[in-house]
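The primary structure of each chain is shown beneath.
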Amino acid sequence: MEENDGNPEDGKGTSFWKKNNRAVPGRPSPRKDVKTINSFSPSTSSSFQDFQRSISDAWDLGDDEFCNISRYHFAEEKIIKFKCLLESSLLNLSDLQNLSWPGIPFPVKADTWRLLAGYTPTCLELRDETLKKKRVEYWNYVSQYYETDARDDIYQGTYRQIHIDIPRMSPTISLFRQKVVQQMFERILFIWSVRHPASGYVQGINDLVTPFFIVFLHQVLPEGTNLDEVDISLLDEEKRNIVEADSYWCFCKFLDGIQDNYIFPQLGIQHKINRLRELIQRIDGGLHNHLQKNGVEYLQFSFRWMNNLLTRELPLRCLIRLWDTYLAELDTFSSFQLFVCAAFLLHWRQDLMVEKDFQGLMLFLQNLPTQNWNDSNINLLVAEAYRLKCTFADAPNHFQSKDS
């Protein structure tokens, strides 16, 4: 590797995110080690090889757990590259997307996410003023919708469902059990649902706010703050308001391209599930036939993957890394996520082929052992997704595995 992107154990200060090695309830222990980058097929397209070389500094398979955010130091050279772009008078968004795809250093992540989401303009001179206006606009929405419409009979069903779902978020993370945090999420989701009546609130989208909330919260907290020890009620109100407003706007921008996933009867997700089935049949007929022979339908496990964008399958630290690539792919995210799901399913091929009945397969698919995953696993996942996209996105239907 050309650079060492991280030094997670420098021994200074406390970590923002306390490392938690406890197994997630209901999840079995991991059965396999992380695969190496050499597992990519020699048939990988030249475009992928060019891409891989262009970001060679990002493929460090070392211990880069997100749980030590405050002590996690990316190579200074990489941070400088981001800062040069972020501080340019007229930012080249394509350059920022390319630089962000393999991962964004935390010191510049929040500012980069706002730009990638289209929340802040590429013109540096307009950025601060735009942020001020959009934050004021959000709090006007709070007054207009949440503080009045939440009591309206027509929205009581929506409000009640949000109120039920929010306490269930990330149960292993104490931050999300705080009343102030739950109220922040409640406002964000209620306003989004009122302003998007075609879909309204759908169970699961509450999870999609979480990565934005954590990243913007990290930016306003003192360095060295431990996430498990943060009392949001003691945080300066202006800072809380910034975190909430920015989370709302980026969440809105993120969902704009996939809103058909959430419009009844969620035809967007149904279409993606059908495409996933066809894709796996072409890539790995043996695995596809194994699932079909044992009565496993793709809808039974991949609906949640599509609806929640893998938020229930991955640790939060991994989601935040995955969101770097998702936001860099925002223009084509709807199609790219299909290949992420395909790569995710294929990753577990060996384990799935061992299971010999419906019960065993479904138990494994619904409790995937990802609790010890880190950035390295996500790097491999998105790289494989990119390879599959290059190989199969426009390939004819007869281009498939011999085991079909």
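Before reading further, recall that the structure is shown in the block above.
Being a predicted model, the structure only gives us computed values, none of them experimental.

K.L.:
Whenever I open this one, the overall build of the chain confuses me. Can you help?
P.N.:
When its secondary structure is counted, the chain shows 17 helices and zero strands. Counting every position in the chain, which comprises 404 residues, the buried fraction comes to 56%. When the accessible surface of the chain is split by element, carbon and sulfur atoms take 49% of a total near 18200 Å².

K.L.:
Honestly, unusual backbone geometry in this entry has me stumped. Any pointers?
P.N.:
One non-glycine residue, Leu 309, lies in positive phi territory at about 55 degrees. Here Leu 309 is to be found in the loop between helix H12 (298-308) and helix H13 (316-328). Phi is positive for Leu 310, close to 70 degrees, though the residue is something other than glycine. Residue class for Leu 310 comes out buried when judged on its relative accessible area of 0%.

K.L.:
Where do I start with the side chain of Gln 182 in this structure?
P.N.:
By secondary structure assignment, the location of Gln 182 is in helix H7 (residues 179-195). Contacts of Gln 182, omitting those with residues within four sequence positions, involve Ile 166, Pro 167, Phe 176 and Arg 177.

K.L.:
For this particular structure, what's the right way to read the packing of H7 against helix H9 (residues 237-256)?
P.N.:
The description of two packed helices rests on the angle between their axes and on the distance between the axes. One can describe the packing of H7 onto H9 by two numbers: an axis separation of 10 Å at closest approach and a directional angle of 40 degrees. Considering only the axes of H7 and H9, their crossing is right-handed. In this structure, H7 uses Val 180, Met 184, Arg 187, Ile 188, Leu 189, Ile 191, Trp 192 and Arg 195 to contact H9, whose residues at the interface are Arg 240, Val 243, Glu 244, Ser 247, Tyr 248, Phe 251, Cys 252 and Leu 255. Residues that form the contact of H7 with H9 fall into these classes: eleven nonpolar, one polar and four charged.

K.L.:
I tried to follow the pattern of salt bridges on my own but got confused; where do I start?
P.N.:
Should the charged atoms of two oppositely charged side chains come close, the side chains can pair. Tallied over the entire structure, the rule returns twelve salt bridges. With a closest N to O distance of 2.4 Å, Arg 349 and Asp 284 form a salt bridge. Placement of the pair is Arg 349 in helix H15 (residues 349-354) and Asp 284 in the loop between helix H10 (267-283) and helix H11 (285-293), with a sequence separation of 65 residues. Take Arg 349: its relative accessible area is 30%, and that puts it in the partly exposed class. Through salt bridges that share partners, Asp 111, Arg 114, Arg 135 and Asp 246 make up one connected network.

K.L.:
When you look at the state of the cysteines in this model, what are you seeing that I'm missing?
P.N.:
Working definition of a disulfide: a covalent bond connecting the sulfur atoms of two cysteines. Within this structure, the stated rule accounts for zero disulfides. Looking at Cys 250, it has no disulfide partner, and the nearest cysteine sulfur is the one in Cys 252, 9.2 Å off.

K.L.:
What am I meant to see in helix H4 (residues 106-116) here?
P.N.:
The buried fraction of H4 amounts to nine of the eleven residues, a majority that puts the element mostly inside the structure. Within the sequence span of H4, burial applies to Phe 106, Val 108, Lys 109, Ala 110, Thr 112, Trp 113, Arg 114, Leu 115 and Leu 116. Just beyond H4, the residue with positive phi is Gly 118, at close to 80 degrees.

What counts and how
Residues numbered from 1 in each chain as written. Predicted model: local features only at pLDDT ≥ 70, side-chain atom pairs only at ≥ 80, totals over all residues. Heavy atoms only, no water. Helix = DSSP H or I, 4+ residues; strand = E, 2+ residues; numbered from the N terminus. Buried < 20%, exposed > 50% of the residue type's maximum accessible area, 1.4 Å probe, protein only. Areas by Shrake-Rupley, 256 points an atom, 1.4 Å probe, with all protein chains shown as cover. Contact = heavy atoms within 4.5 Å. Axes fitted to C-alpha atoms, helices over the stretch in contact; angles between N-to-C directions. Left-handed = near helix turned anticlockwise from the far one by under 90°. Nonpolar A, V, L, I, M, F, W, Y, C, P; charged D, E, K, R; others polar. Salt bridge = Lys/Arg side-chain N within 4 Å of Asp/Glu carboxyl O. Disulfide = S-S within 2.5 Å.

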